Amino acid sequence: MNVHVKTGKLADLAAEGLVVGVYEGEQAPVGLAAEVDGAIGGVIAAVLKAGDFKGKANSTIVLHAPANQLKRVALVGLGKPGEATLETLRQAAGKGTTALRDLNVKAVTVGLLAEAQRGWKAGGEAYDARQAAQAVAEGSLLSLFQMNDYRTRDRDELKSVDQVTFWAADGEDALKAGVEAAQVITDAITLARELIVHPSNFATATHMAEVAVKAGKAAGFDVTVFEKADLERMKMGGILAVNQGSVEPPKFIVMEYHGGAKGEAPIAIVGKGITFDTGGISIKPGEGMDKMKYDMAGGAAAIAIMIAAARLGVKKNLVGLVPATDNMPSGSAFKPGDIFTSYNGMTVEVLNTDAEGRMVLCDAIAYAIKDKKAAAVIDMATLTGACVIALGTEAVGVLGNNQGLVDQLLKSGDKTGDRGWQMPLWKEYNELLRSDIADMKNIGGREAGTITAACFLQRFAGDTPWCHLDIAGTAWTEKEKPYRPKGPTGVPVRMVLDTIQNWPL
Ligand code: BES
Ligand code: MN
Ligand code: ZN
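Since the model is a prediction, treat every value here as computed from it, not as a measurement.

Calculation notes
Residues numbered from 1 in each chain as written. Chains lettered and ligands numbered in written order. Predicted model: local features only at pLDDT ≥ 70, side-chain atom pairs only at ≥ 80, totals over all residues. Heavy atoms only, no water. Phe/Tyr/Trp six-rings, centres within 6.5 Å; stacked < 30°, edge-to-face > 60°. Helix = DSSP H or I, 4+ residues; strand = E, 2+ residues; numbered from the N terminus. Buried < 20%, exposed > 50% of the residue type's maximum accessible area, 1.4 Å probe, protein only. Lys NZ or Arg CZ within 6 Å of the ring centre and 35° of its normal. Donors = N, O, S within 2.8 Å, 3.2 Å for Na, K, Ca; no water. Tetrahedral: all angles 85-135°; square planar, octahedral: opposite > 155°, others 65-115°.

Colleague: Explain the packing of aromatic side chains to me, and be specific about the residues and the numbers.
Modeller: Applying the stated rule across the entire model yields eight aromatic pairs. On the basis of an interplanar angle of 50° and a centroid distance of 6.1 Å, the ring pair of Tyr343 and Tyr367 is categorised as tilted. Of this pair, Tyr343 sits in the loop between strand E12 (339–341) and strand E13 (347–349) while Tyr367 is found in helix H11 (residues 357–370), placing the two residues 24 residues apart along the sequence. This pair shows no difference in class: Tyr343 is buried, exactly as Tyr367 is. For the ring pair Trp426 and Tyr429, a centre distance of 6.0 Å and an interplane angle of 15° mean the geometry is stacked. Look at Trp426 and you get exposed, because its relative accessible area is 54%. Within the aromatic cluster, the residues linked to one another by ring pairs are Phe226, Phe252, Tyr343 and Tyr367. The aromatic ring of Tyr343 is capped on one face by Lys370, whose charged end is 4.6 Å from the ring centroid.

Colleague: Can you break down the coordination of the manganese ion (ligand 2) residue by residue, with the values?
Modeller: The coordination sphere of the manganese ion (ligand 2) contains the protein donors Asp277 (OD), Asp354 (O), Asp354 (OD) and Glu356 (OE), at a distance range of 2.0 to 2.2 Å. Coordination at the manganese ion (ligand 2) is irregular, judged from the six donor atoms that bind it and the angles of 72 to 168° they form at the metal. Here the donor residues of the manganese ion (ligand 2) share one chain and are spaced in sequence as D-x76-D-x1-E. Here the zinc ion (ligand 3) and the manganese ion (ligand 2) are spaced 3.2 Å from one another, each receiving a donor from Asp277. Note on Glu356: relative accessible area 0%, which makes it buried.

Listed below in structure tokens is the structure:
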């Protein structure tokens, strides 16, 4: 994808397709829409006057101006100006960009920046020009994600954009800075989305480790991969138990980025890397099981966050950890009733082999604290079906032992559009994990599944500030959203990155 930034007079702009914003309630074209209208002979005014386009959020209409150097204009609705936020810009940019992509426009130009200012003057969210540019570029670039690697026939029917140009009349520095940041972030998210959408026969733990090593070399962070023999020597009982039924070797991926002061304790970013979750001996029903290829979305997010943080030159020390394996049933698989000893020595009675995510995460969290002396731990995991039931596909489940960290993540979520919602970690829930024979069970029962899963992890975080993000409902979408095509979303990369950038809390 070629990305360009352009400033200057509209009269000097040539475009195959230009995205222009219109707020709800604007009866006649305003701002850029008025200028464009002048250039293309009054079509926008006519469309608004006829009521054919009302500016409702994320509605689109594509107008043609065949004789003009602006060949097509995609109007995109921004909703009510007083309600405008950065997310309005992201969504509108995504909608406008894909409306043109669907018409097979190869070069898209996005001109939404003047509208940002109109929105906040009308009482919408206030932000600066750089943030607005970043939001527009994020929405546009993220909307174009596709996975066509496995299509071998009729490839000429696939529609894709080759070039996106972000245009504004002025403010070149802010536009450039915003678009550059967006490119780094969306490239990283695209890598995560690709890892997630690739099936488990391609995206194995070994493949994930290779991707991390390559990314570390390119972006500038160190990667160590612990092999099965290393995990045995280190006594990482959780990862090893989950891997027991598999023919694919496990990998524990350790990524280290030194952007902060020497000796400063790192922030640990842990991601669940279950490359496929059959449930193991407590096997899942067949229907929809294919979706469990996205059970490594947390791990993919951890790799993406490391890449983006390193390329943005974030001034913090970070450790990214991905315990990666599939969860398979076989003659050698771990079984209900088995007891394993985790990396920090605590024993766990397995009452359901489908509660495997917490078993790999507990070793990684313990490693972050014991070996890496992490100042704080943020873990990301497609951990519970219960979270999908509780929050659906709109909110990440947020649970933690440090309210400051929780609050910052929620705030970053609102700002970035990777929204989260907090759930409680009261001690009454924690008691549901009591085992008759070991230090704890790996499940808490039918009720409050997202909370008891987090309670399990909390025991391994101890006093270290820690927050858990349950992304079971948000890492994948079956319903296309403005800048999240059907499939892997890349949530919560932008949420966590924003929190890292706002550290210390
Ligand atoms: N990977 C699943 C959770 C999941 C479900 C993610 C749906 C995405 C969509 C996880 O490993 C799991 O199986 N959790 C169990 C826990 C239960 C056995 C306590 C669940 O949610 O049913
Ligand atoms: Mn499971
Ligand atoms: Zn799982």
